[in-house]
Every structure is written in structure tokens, then in C-alpha cells.
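Structural overview
Chain by chain, the residues:
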Amino acid sequence: MLYVELIAQGLVQGCIYAAIALGLTLVYGLLRILHVAHAALFTLGAYIGVLTTNATGSLALAFVAAMLVSGVAGVAVFRLGYQPILNRPPFVALIASIGLYIAAEEIFRIVFGASGLSFVAAPLQSQVPIFGGLQFKQAEIAVMLGTALIIAVLAYLQNRTRIGVACQATVSDPQMAESFGVSLQMVRDINFFVGSALAAFAGVWVGLLNNLVEPTMGSVPAYKALAIIVLGGLGSVQGTLLAALTLGIIESFGTIYLGKVLDRNAIAFAFLIAVLLVRPQGMFASK
Amino acid sequence: MLRIDNLTCGYGSFLAMSDLSLTLRPGTITGLLGANGAGKSSTLMCIAGHVAAKAGQVYFGERDVTGLTPTERVRQGIAISPEGRRLFKDLTVEDNLRVGGLIHPAAEFKRDRDRVIDLFPRLGERITSIAGNLSGGEQQMLAIGRALMARPQLMMIDELSLGLMPKVIDLCYRALLTLRDEGMTILLVEQNTDRVMGVADDICVLESGRRVWSGSAAAARNDPTLSAAFLGLH
Ligand SMILES: Nc1ncnc2c1ncn2[C@@H]1O[C@H](COP(=O)(O)OP(=O)(O)OP(=O)(O)O)[C@@H](O)[C@H]1O
Ligand SMILES: [Mg+2]
């Protein structure tokens with residue numbers, strides 16, 4: 001029963017990682033940029049989520065607001081931050097991205113205060129018995145269902161709509177895609193919007209599960225999401241999803257069995273190093 | 001149909017093609033021949049708008065298309081199956097065709113796709129396959145099919161037969177003749193000189209970024225200097 005519980009806890013964490021890391025994968029696949037500032041959009045989403053919930057009492061509204069605001073902010077980061085330096089070497093964008101993230105942390109501190117915000121009446125906190133004495137917070141169940149739903153919808157849109165197919169073609173060969181009439185600007189905007197909205201989705205859940213939203217809450221997800229997309233084989237969406245879930249479960253077991261020697265984040269990176277020693281191309285890369 | 005006046009193009013200060021003039025007659029196949037590095041692919045990519053012209057003009061019909069983007073040229077009716085084919089390797093055959101037809105309404109996709117499948121029934125059998133998993137011949141059919149989805153009047157094909165089995169080459173050439181008989185104008189780059197001479201109406205020979213011969217295929221066959229020097233025919 002402990003195992004089942006650990007796996008389930010790992011899946012909850014893994015879903016959150018997946019929602020964060022997907023945006024990074026999309027951006028990497030499209031532009032070959034390691035978008036560290038992505039984590040700022042995660043934090044922004046968490047703030048919008050807690051503020052909206054406290055103001056209106058509606059968590060659903062909080063998700064909509066957080067995803068819209070972060071989505072638009074993500075497009076702004078792309079257009080103002082990355083677009084002007086797209087033809088420079090990739091490390092230029094990486095440095096810009098790290099700078100943006102640090103600046104964002106400070107802005108959160110100045111605007112929302114250093115000590116963080118909590119939910120006045122945090123929703124979805126009661127325990128739900130599943131079977132055999134196993135219990136979950138409502139919020140944890142909702143994280144898993146919500147992530148699965150959102151990813152299923154995105155997969156559907158990507159494979160069944162013209163815009164989705166155009167996005168995939170652009171990742172494969174931007175010059176050819178553009179010549180057949182794909183607007184690169186639109187594809188890039190859409191990817192930043194969707195990726196950032198997903199980060200906000202994760203941010204709201206993390207804020208709710210910890211009942212705390214603080215300026216630095218993005219720093220651990222920032223580098224952990226980078227680790228995940230490397231594990232997933234850089235740019236592979238399925239690889240990223242599997243890597244996120246695997247990492248969630250490894251961490252969950254690790255904190256029980258290795259918790260005395262390594263903390264949660266150290267376990268994640270020990271795992272990353274171990275995998276890369278054996279498979280430098282990532283866990284799930286085909287080539 | 002397509003008229004090229006004194007076209008010069010290249011990369012940075014390097015000129016891949018200088019001062020090329022060439023006219024394609026509507027509904028004909030023109031073979032563009034030359035050794036490796038002669039500038040054939042650069043010329044095709046310049047006509048398609050992917051390589052900028054440094055001097056000269058490209059007229060398509062009555063229209064000067066020299067300054068247009070690749071997309072605008074596709075909308076005008078100029079399509080290319082480029083060197084290396086450059087398929088969307090992670091996408092299915094059907095999705096590759098879908099992207100090829102993006103400039104047309106979604107409602108017309110099925111009709112256009114079925115026309116491509118009529119031309120290359122093999123693509124119909126592989127419609128759900130991932131393009132990267134296709135055989136070389138199937139990939140070439142898909143590259144041509146994807147370009148056809150834009151409903152071009154001018155079709156440019158680079159290295160049609162490269163790496164393909166003779167049977168597949170036959171099939172592709174039969175398709176080209178069908179397209180020409182329907183009125184399409186075709187500009188064909190080939191290493192395989194015998195093949196081109198078999199179907200082409202006109203021939204243009206390039207050498208080191210310059211045009212060294214052009215005329216009808218019949219004249220090319222009868223020109224002893226050309227046969228020996230450039231075509232390796234006997
Ligand atoms: N992207 C590029 N950047 C710089 N130089 C290039 C580029 N593409 C081609 N060239 C150069 O331009 C010249 C003409 O190349 P091009 O590919 O047009 O020749 P080609 O006739 O198609 O040759 P092949 O038969 O080998 O395909 C060559 O010297 C080549 O090295
Ligand atoms: Mg070539």
C-alpha cells in the first residue's frame with residue numbers, strides 16, 4: 001500500500017513537472033532556446049491564481065485568469081525578449097532568459113511582498129478515501145485529472161487541426177513550412193501562449209497544494225524543468241511527459257528511502273546524472 | 001510562362017549563378033543540367049524565392065516576382081520539390097500533403113489529396129505512415145505530391161532520380177509526363193542525363209555558375225560538341 005501511495009504522490013508531482021516542462025520543450029523545439037524565464041510565468045500564474053481566488057472565491061476563474069495572463073505575458077517575453085535576438089548564437093538568448101528570470105523574481109518581491117501570499121480559504125483541501133485506507137486531497141486528484149485532460153486536448157488540437165499540423169511542420173523545417181504558407185510569427189506566438197498558460201496551470205496548483213505563493217517559487221522548477229527536457233531527449237513532447245512522470249515517481253520513492261542522505265532536489269539531479277551517464281541523448285530520445 | 005533575365009544569385013559574396021537568362025515555355029519540360037556545384041539547385045531555390053537574387057529579374061507570366069517571398073511565389077503558382085526533398089519527417093504522409101495545401105481552403109483538401117493519390121497510388125497506401133519512415137522513392141513521390149497540393153502552374157524538381165531504383169524512376173517520370181500533358185510547366189534538375197533527354201522538350205546546361213548551352217532537346221541531341229562535352233551521350 002505504501003508503494004501505491006508513493007507512486008500516486010509521484011504522479012501528482014510528475015503531472016506538475018510535465019505541465020511546466022512542456023512549455024520549455026515547445027520553445028526548444030521551435031527556436032532552440034533554453035527558456036529559463038519560463039519559470040517566471042509559472043510564478044506569475046500562481047500569483048494571479050491566489051489573488052483571483054481570494055478576490056472572487058472561484059478557483060475556476062482563477063485558472064482562467066492565470067492561464068490567460070501568463071499566456072499573454074509569455075508572448076510578450078518572446079516578442080520583446082527573444083525575437084530581437086533570434087539570429088544571434090543560442091547562448092545570447094540563454095543569458096537574456098536567465099536575466100529575465102532574475103528580474104522577474106525581484107519584480108514579484110517588490111509588487112507582491114517578500115513573504116508570499118496564501119489562500120484565505122484554500123479550496124479542494126479535504127481528503128477523499130480511495131480504497132484500503134488510501135486517501136488523497138481533492139486537489140491532488142484534480143491535478144492528475146486536469147493535467148491529463150489538458151494534455152489530451154492539446155494532443156488533439158496538434159494532430160487534428162491545420163494550425164496544429166502547421167506548428168509541427170514548423171518544428172521540422174521552418175523554411176519549408178513558411179514557404180507553404182505557415183506564418184512563423186503565429187506559430188511562435190501560439191507556442192509561447194500555450195506553453196506559458198500550461199506553466200500558469202502548474203503554478204496555481206503548486207500554490208494551492210503548498211498554500212503558499214512566493215517570489216522564489218519558480219527557481220527550483222526552473223532548473224528541474226531543464227533537467228526534465230534533457231532527460232526527455234530535448235524537443236520531444238512524449239519524452240518530456242514520460243521524463244516528468246518518471247522523475248516525480250523517483251523523487252517520491254527517493255524521499256522515503258534516501259531522504260536521510262539526499263533531499264528531494266538532490267535526488268532529482270543524482271537521477272539526471274545517472275541517466276545521462278548511461279544515455280547521453282536522454283532517456284527517451286530515438287536517435 | 002517563366003522568364004529569367006540576367007539572373008545572378010549566391011551566398012554572401014560568392015556567386016552560385018551569374019547572368020542566367022532562360023525562358024520556360026508553358027506546358028513543357030525543361031531539363032537543367034550540369035556537373036556538381038554548377039549552380040542548378042541555387043537557381044531553383046532562387047526562382048522559388050529562398051535564395052535572394054543579386055541582380056536580374058524573374059517574371060512569372062506577366063508578373064515580376066523577383067522581390068516576392070517564397071510564400072507569395074507559391075500563391076502565384078510556383079512550387080518546388082527541393083534538393084534533399086526536405087519533407088516534414090515527423091509528420092504523416094497526409095499531414096505533409098496538408099501543409100502543402102495550406103494556401104487553399106481546408107474544405108478542398110480531400111479533393112486535392114485524392115488527385116495526388118491518383119497520380120501516386122503508393123502514397124494512398126502509406127497515407128498514415130510517418131514521412132521519415134518512407135522509402136526513398138515514396139519520399140520523392142511525397143515531395144512532388146506536397147508541392148502539387150499548392151496547385152502550381154510551374155513545378156520545379158531537384159534531383160528527381162537521385163538514389164532511386166529504375167522502376168521507381170520510371171514511375172516518377174510517367175507522372176511528370178501526365179502533369180505536362182495536363183498543361184503544367186516543369187523545370188527538372190537531374191544528374192541522370194539520359195533520363196532527362198528522354199522527356200525534356202528544352203535543355204539548359206550550366207557550368208560553374210554560367211549558362212553554357214540552351215535550346216531544344218532535339219538540338220541538344222544533334223549537337224556533337226554538347227553531347228561529348230556535357231551530356232556524355234554517344
Ligand atoms: N547555402 C550555401 N551557402 C554557401 N554556398 C553554397 C550554398 N549552397 C550552395 N553553395 C555553393 O554554390 C555552388 C553551387 O551549388 P548548387 O548546390 O547550386 O550546385 P548544384 O549544381 O545543385 O550541385 P549538385 O549537383 O552537387 O547538387 C557550389 O559551389 C556550392 O558550394
Ligand atoms: Mg544540387
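In case you missed it, the structure is sitting above this.
Residues numbered from 1 in each chain as written. Chains lettered and ligands numbered in written order. Predicted model: local features only at pLDDT ≥ 70, side-chain atom pairs only at ≥ 80, totals over all residues. Heavy atoms only, no water.

**Here's the deal with empty space enclosed by the protein**
Stated precisely, the cut-off is as follows: Cavity: a set of points on a 1 Å grid over the protein atoms alone where a 1.4 Å probe fits but cannot get out. Pocket: an open set with protein on both sides within 12 Å along at least five of seven lines, its lining residues, like those of a cavity, having an atom within 4 Å of a point. Grid points are joined across faces, edges and corners, and a volume is the space filled by probe spheres set on the points. A run of H or I in DSSP counts as a helix once it spans at least four residues, and a run of E counts as a strand once it spans at least two, with each numbered from the N terminus. Three categories are distinguished: nonpolar for Ala, Val, Leu, Ile, Met, Phe, Trp, Tyr, Cys and Pro, charged for Asp, Glu, Lys and Arg, and polar for the others, with Gly belonging to the last.
In this structure the tally under the stated criterion is one cavity of 30 Å³ or more. Counted as a void, the largest cavity has a volume near 70 Å³. For the largest cavity, the full set of lining residues is A:M176, A:S179, A:F180, B:A48, B:H50, B:P70, B:R73, B:V74, B:I78, B:A79 and B:I80. At the level of elements, α7 (174–179) of chain A together with α2 (70–76) and β6 (78–81) of chain B are the ones that each hand at least two residues to the lining of the largest cavity. Its residues placed into classes, the lining of the largest cavity shows eight nonpolar, two polar and one charged.

**Quick notes on the pattern of salt bridges**
All names here are of chain B. Heads up, the condition is: By definition here, a salt bridge exists when the distance from a side-chain nitrogen of Lys or Arg to a carboxyl oxygen of Asp or Glu is within 4 Å. Three exposure classes are used, based on accessible area relative to the maximum for each residue type with a 1.4 Å probe and protein chains only: buried under 20%, partly exposed in between, and exposed over 50%.
Overall, the coordinates contain 20 salt bridges over all chains when judged by the stated rule. Among the salt bridges present, the one from R115 reaches D112, with a minimum N-O distance of 3.2 Å. Here R115 pairs with D112, and both are found in helix α4 (residues 109–119), just three residues apart, close to one helical turn. Residue class for D112 comes out buried when judged on its relative accessible area of 4%.

**So, the packing of aromatic side chains**
Residues and elements named next belong to chain A. Quick reminder of the rule: Stacked, tilted and edge-to-face pairs are distinguished by plane angle, under 30 degrees for stacked and over 60 for edge-to-face with tilted covering the rest, among Phe, Tyr and Trp rings (Trp via its six-membered ring) whose centres lie within 6.5 Å.
For the structure on display, the rule yields 11 aromatic pairs over all chains. For the pair F108 and F112, a centre-to-centre distance of 6.3 Å together with 25° between the ring planes defines the contact as stacked. Of the two residues, F108 and F112 are both situated in helix α4 (residues 90–112); the distance of four residues between them amounts to about one turn of the helix. Taking the relative accessible area as the measure of exposure, F108 reaches 7% and is therefore buried. Arranged with centres 6.5 Å apart and planes meeting at 15°, the rings of F253 and Y257 form a pair that is stacked. One end of the pair, F253, and the other, Y257, are both in helix α10 (residues 237–257), four residues apart, so they sit about a helical turn from each other.

**Some remarks on the sheet that holds strand β1 (residues 2–11) of chain B**
Residue and element names in this part refer to chain B. Definition in use: Paired strands, in this sense, are two strands between which DSSP finds at least two bridges.
Ordered by their spatial adjacency, four strands build an open sheet running β2-β1-β4-β5, and the pairing between neighbours is antiparallel. Looking along the sheet, the strands with just one partner apiece sit at the ends: β2 (14–24) and β5 (63–64). In this structure, β1 lies alongside strand β4 (residues 53–60), joined through six bridges in antiparallel fashion. Paired with L2 across the two strands is F60, which belongs to β4.

**Some points on the layout of surface pockets**
Residue and element names in this part refer to chain A. Empty space within the largest pocket amounts to approximately 1300 Å³. Lining of the largest pocket is provided by 39 residues; of these, Q158, G235, S236, V237 and Q238 occupy positions nearest its centre. Listing elements by their share of the lining of the largest pocket, those giving two or more residues are α1 (2–31), α5 (138–160), α6 (162–172), α8 (184–210) and α10. Looking at the lining of the largest pocket residue by residue, the class counts come to 19 nonpolar, 16 polar and four charged. Computed from the structure, the second largest pocket encloses a volume of approximately 550 Å³. Along the walls of the second largest pocket sit 24 residues, with Q13, Y17, V206, N210 and R264 positioned nearest its centre. Among the elements of the structure, α1, α8, α9 (219–231), α10 and α11 (264–278) are those that each provide at least two residues to the lining of the second largest pocket. It is α1 that contributes the most residues to the lining of the second largest pocket, seven residues altogether.

**A closer look at α4(B)**
Since the α-helix packs 3.6 residues into each turn, any two residues three or four apart lie on the same face. Residue and element names in this part refer to chain B. This is how the line gets drawn: Picture the helix axis, draw a direction to every C-beta atom, and the arc is the one those directions span.
Those residues of α4 lying buried are F109, D112, R113, V116, I117 and L119. Take α4 and look down its axis: the buried residues cluster within an arc of 160°, on one side only. Exposed residues on α4 whose side chains face more than 90 degrees from its buried face are K110 and D118.

**Quick notes on the site of ligand 1**
Residue and element names in this part refer to chain B. For the record, the criterion: When at least one non-hydrogen atom of a residue lies within 4 Å of a molecule or strand, that residue is treated as near it. Under this definition, polar contacts are N or O atom pairs within 3.5 Å; protein pairs additionally need one hydrogen-donor-capable and one acceptor-capable atom, and for neighbouring residues in sequence, both atoms have to be side-chain atoms. Here the open area of atoms and residues is found with the Shrake-Rupley method and a 1.4 Å probe, where only the protein chains shown may cover a residue.
Around ligand 1, the structure places 14 residues, and the nearest of them are K40, S41, S42, E83 and Q191. Within the contact set of ligand 1, a nitrogen atom lies 3.3 Å away from a side-chain nitrogen or oxygen of Y11. Burial of ligand 1 by the protein chains amounts to 62% of its free accessible area of 630 Å². Of all the secondary structure elements, the ones that give two or more residues to the shell around ligand 1 are β2 and α1 (40–48). Counting residues per element, the shell around ligand 1 draws most heavily on α1, which supplies three residues.

**Looking at the sheet that holds strand β10 (residues 210–216) of chain B**
Residues and elements named next belong to chain B. The cut-off we apply is this: The angle between two axes is taken between their N-to-C directions and runs from 0 to 180 degrees, where each axis is a line fitted to C-alpha atoms and a helix contributes only its stretch in contact. Only heavy atoms matter for contacts: two residues are in contact if any of them lie within 4.5 Å across the pair.
Across the sheet, which stays open at both edges, the six strands sit in the order β6-β7-β8-β3-β9-β10 with mixed pairing between neighbours. On the outer flanks of this sheet lie β6 and β10, each paired with one strand and no other. Taken pair by pair, the neighbouring strands of this sheet meet at an average axis angle of 15°, ignoring direction. Where strand β7 (residues 154–158) meets strand β8 (residues 185–189), five bridges bridge the pair, whose relative direction is parallel. Bridging across to β8, L154 finds its partner in T185. Along the sheet, α1 makes contact with β3 (29–34), β6, β7, β8 and β9 (202–207), crossing β7 at roughly 150°.

**Section: the pairing of β2(B)**
Residue and element names in this part refer to chain B. Two elements, β1 and β2, share seven bridges in a ladder whose sense is antiparallel. Counted as the bridge partner of Y11 is F14 from β2. The loop that links β1 with its antiparallel partner β2 comprises two residues; one of these, G12, has a positive phi angle of about 60°.

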